[in-house]
Amino acid sequence: KLEKMKLVMLDEPNDNFNIAMWDLVEGGGVTATTEVPRYIDVTRKRLDFLRKYHIVTENTKFYERPFLSASHFNRYGMAGVSYNYQLVFPKDNGLLSRLQPRYDVFRYTSSNPNTGVETKLIGSVPLDYNSVNIIHSLGVTENYVILPRFNMFLKMASPVDIGANIYWDARRPAVFNVISIKDGTVRSFNFNAAEGQHIINCFERRNDKGELEIVVDFPVRKYKVDYSEQMIYDYLNVDWLLDPAKSYANSELDPYGNCKLRRYIMNLDTGSNSERDLPVLWSPVEGSIVEFPIVNPHFRGRAYCHVFLHVWNKDLHNGMALLKINTCKGTSTKWVEHNKFPVEPIFIPVSPTGADDEGYVVGPVFDGDTGTSYLYVWDAQTMEVVVVLESPFIIPFGLHGVWLEE
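Description of the structure in this document. (Residues numbered from 1 in each chain as written. Predicted model: local features only at pLDDT ≥ 70, side-chain atom pairs only at ≥ 80, totals over all residues. Heavy atoms only, no water.)

## Examining the overall build of the protein
Thought 1: The secondary structure content of the protein amounts to three helices and 29 strands.
Thought 2: Out of the 406 residues in the protein, the part that is buried amounts to 51%.
Thought 3: Considering only intrachain contacts with a sequence separation of at least 6, the fraction spanning at least 24 residues in the protein is 55%.
Thought 4: When the accessible area of the protein is evaluated, it comes to approximately 19500 Å², of which 54% is carbon and sulfur surface. (Helix = DSSP H or I, 4+ residues; strand = E, 2+ residues; numbered from the N terminus. Buried < 20%, exposed > 50% of the residue type's maximum accessible area, 1.4 Å probe, protein only. Contact = heavy atoms within 4.5 Å. Areas by Shrake-Rupley, 256 points an atom, 1.4 Å probe, with all protein chains shown as cover.)

## Observations concerning the environment of Arg262
Thought 1: Within the element layout of this structure, Arg262 appears in strand 19 (residues 260-267).
Thought 2: Residue Arg262 is classed as buried on the basis of its relative accessible area of 14%.
Thought 3: When near neighbours in sequence (up to four residues on either side) are disregarded, Arg262 contacts Ala193, Ala194, Val216, Asp217, Phe218, Val220, Glu275, Arg276 and Asp277.
Thought 4: Within the structure, the side chain of Arg262 is placed 2.6 Å from the side chain of Asp277, a separation counted as a polar contact. (Polar contact = N/O pair within 3.5 Å; in protein donor to acceptor, adjacent residues only side chain to side chain.)

## Brief notes about the sheet that holds strand 3 (residues 38-43)
Thought 1: The strand order across the open sheet built from four strands is 1-2-3-4, with neighbouring strands paired in antiparallel fashion. Two strands in the sheet have a free side with no partner beyond their single neighbour: strand 1 (20-22) and strand 4 (49-54). For this sheet, the mean inter-axis angle between neighbouring strands, taken without regard to orientation, is 25 degrees.
Thought 2: Note: strand 3 against strand 4, five bridges, orientation antiparallel. Paired with Val42 across the bridge in strand 4 is Phe49. (Pairing = 2+ DSSP bridges. Axes fitted to C-alpha atoms, helices over the stretch in contact; angles between N-to-C directions.)

## Some thoughts on the sheet that holds strand 6 (residues 82-90)
Thought 1: In spatial order, the strands read 5-6-7-8; together these four strands make up an open sheet with antiparallel pairing. What marks the edges here is a single partner per strand, and that holds for strand 5 (64-68) and strand 8 (119-126). On average, each strand axis in the sheet is inclined to that of its neighbour by 35 degrees, with strand direction left out of account.
Thought 2: Across seven bridges, strand 7 (residues 102-108) lies against strand 8 in antiparallel orientation. The partner of Arg107 across the bridge, within strand 8, is Lys120.

## Brief notes about unusual backbone geometry
Thought 1: One non-glycine residue, Leu47, adopts positive backbone phi at about 60 degrees.
Thought 2: Within the secondary structure layout, Leu47 lies in the loop between strand 3 and strand 4.
Thought 3: The exposure class of Leu47 is exposed, given its relative accessible area of 57%.
Thought 4: Even without glycine at this site, Met383 takes up a positive phi of about 60 degrees.
Thought 5: Note that Met383 resides in the loop between strand 28 (372-379) and strand 29 (385-390).
Thought 6: Look at Met383 and you get buried, because its relative accessible area is 4%.

## Some details on the side chain of Asp217
Thought 1: Topologically, Asp217 is positioned in strand 17 (residues 212-221).
Thought 2: For Asp217, a relative accessible area of 1% gives the class buried.
Thought 3: Within the structure, the side chain of Asp217 is placed 2.7 Å from the side chain of Arg263, a separation counted as a polar contact.
Thought 4: Residues within four places of Asp217 in sequence aside, it is in contact with Ile199, Ile200, Asn201, Arg262, Arg263 and Tyr304.

## Some words on the pattern of salt bridges
Thought 1: Counted by the stated rule, this structure contains 16 salt bridges.
Thought 2: Between Arg171 and Asp169 there is a salt bridge; the shortest N-O distance is 3.0 Å.
Thought 3: Of the residues examined, Arg171 reaches a relative accessible area of 68% and is grouped as exposed.
Thought 4: Look at the salt bridges and you will find they share partners, linking Glu64, Arg102 and Asp104 into a network. (Salt bridge = Lys/Arg side-chain N within 4 Å of Asp/Glu carboxyl O.)

## Focus: the pairing of strand 13 (residues 174-180)
Thought 1: Most of strand 13 sits out of view: seven of its seven residues are buried.
Thought 2: Residues Ala174, Phe176, Val178 and Ser180 point to one face of strand 13 and Val175, Asn177 and Ile179 to the other, with burial holding for every one of them.
Thought 3: Two elements, strand 10 (residues 144-149) and strand 13, share six bridges in a ladder whose sense is antiparallel. Bridging across to strand 13, Val145 finds its partner in Ile179.

## Focus on the pairing of strand 16 (residues 201-206)
Thought 1: Two elements, strand 16 and strand 17, share six bridges in a ladder whose sense is antiparallel. Considered in strand 17, the bridge of Phe203 is made with Val215.
Thought 2: Linking strand 16 to strand 17, which pair antiparallel, is a turn of five residues; within it Gly210 sits at a positive phi near 80 degrees.

## Section: the nonpolar core
Thought 1: Counting 25 residues, the largest nonpolar core has Tyr85, Leu87, Tyr103 and Leu147 as its most contacted members.
Thought 2: If you tally residues by element for this core, the top one is strand 6, at four residues.
Thought 3: Among all residues touching Leu147, those that are not within four sequence positions of it are Tyr85, Tyr103, Val105, Val125, Ile135, Leu138, Val175, Phe176, Asn177 and Ile179.
Thought 4: Leu261, Val307, Val311 and Met320 belong to the second largest nonpolar core, which has 23 residues in total. (Core = buried A, V, L, I, M, F, W, Y, C linked by side-chain atoms within 4.5 Å.)

## Focus: the packing of aromatic side chains
Thought 1: Enumeration according to the criterion identifies 20 aromatic pairs in this entry.
Thought 2: Look at Phe153 and Tyr167: their rings are 5.7 Å apart centre to centre, the planes differ by 25 degrees, and that puts the pair in the stacked class. Residue Phe153 is located in strand 11 (residues 152-154), and its partner Tyr167 is located in strand 12 (residues 166-168); the two are separated by 14 residues in the primary sequence.
Thought 3: Of the residues examined, Phe153 reaches a relative accessible area of 3% and is grouped as buried.
Thought 4: Here Tyr167 falls in the buried class, since its relative accessible area comes to 17%.
Thought 5: Sitting above the plane of the Phe153 ring, Arg172 keeps its charged end 3.8 Å from the centroid.
Thought 6: Arg302 extends its terminal NZ or CZ atom over the ring of Tyr76, reaching a point 4.3 Å from the ring centre. (Phe/Tyr/Trp six-rings, centres within 6.5 Å; stacked < 30°, edge-to-face > 60°. Lys NZ or Arg CZ within 6 Å of the ring centre and 35° of its normal.)

Below, the structure is given as structure tokens:
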């Protein structure tokens, strides 16, 4: 506990292992991002270290500190400026300053070795200390940034047991904030409680009445009990993992239960909103979870049909597969092989003007028979394997990746 307190109070800001990659840096590099606003630029081919830096903006005062940001940047389309948020806290947590936390949403232009990352504040969402949500990913359309504030909350409860500061609460609504890129105005919409991590896609559209709507699609879950993240740390303890009576997968938390693909619709003209679940197109339904969605990057922020996801099932020895879903027609195609464990898929488009499933899907696959990892390439339209390349090292489950064009 003393070591934990030293880490929190004295060490420089740090983050968990949840690392994503984004093409924020110019000149042949790539940026590693985490859930705090600090970044590491590396070369694309060899991953040689270039620099490590924080992004401190003119909007952050000396008595404030950027605390969290989304692990995943986002943008409209495949290229151009990027967007993310920073959760800003007063350094005294409001005890003397009486200041409140807020989300600052920024536009980021590409990193440059000489000038650094340029940022511009788009808008801010004020918060109170009881309504601070952890936002793992965000949505971007042509004219709006969407902050999906699901029901994973943050509180300053303990400097020692870090997980005790993160908790799930289904008694409050999920709140989506829609921020105008043009003028920074904020609209808020309440939805049923849920937990979502990785956005599928979002887009603007006009309904039958000509009213402007924002559509956001997410894989979501709803846990059976309130819990703090400290429970997760307990369940991942080696002694607990080896004890069937304390198994995380079989706990009352039920992390694999109630998985849905949910569509959220926000009417910006009337202020009304709705939500509905997309058809369940995977099997078995019980004990399965679908996550790590990816779409054709040319269709980010635009109307789309196809999404590619990772699916696994706790009752089938964590059997895993890749799933392609057509959200427009309600159909699906699955790739699965016995004792093969794929990781998050990545989409490679072949044309900026092609169909949204015209291209290839790539991803690491661990072979349980040989104990070796491979890089698989699938035809995105048929989900048939095109080529398999052996990896010189084992690639772990849960890895985030990115496709970068020269």
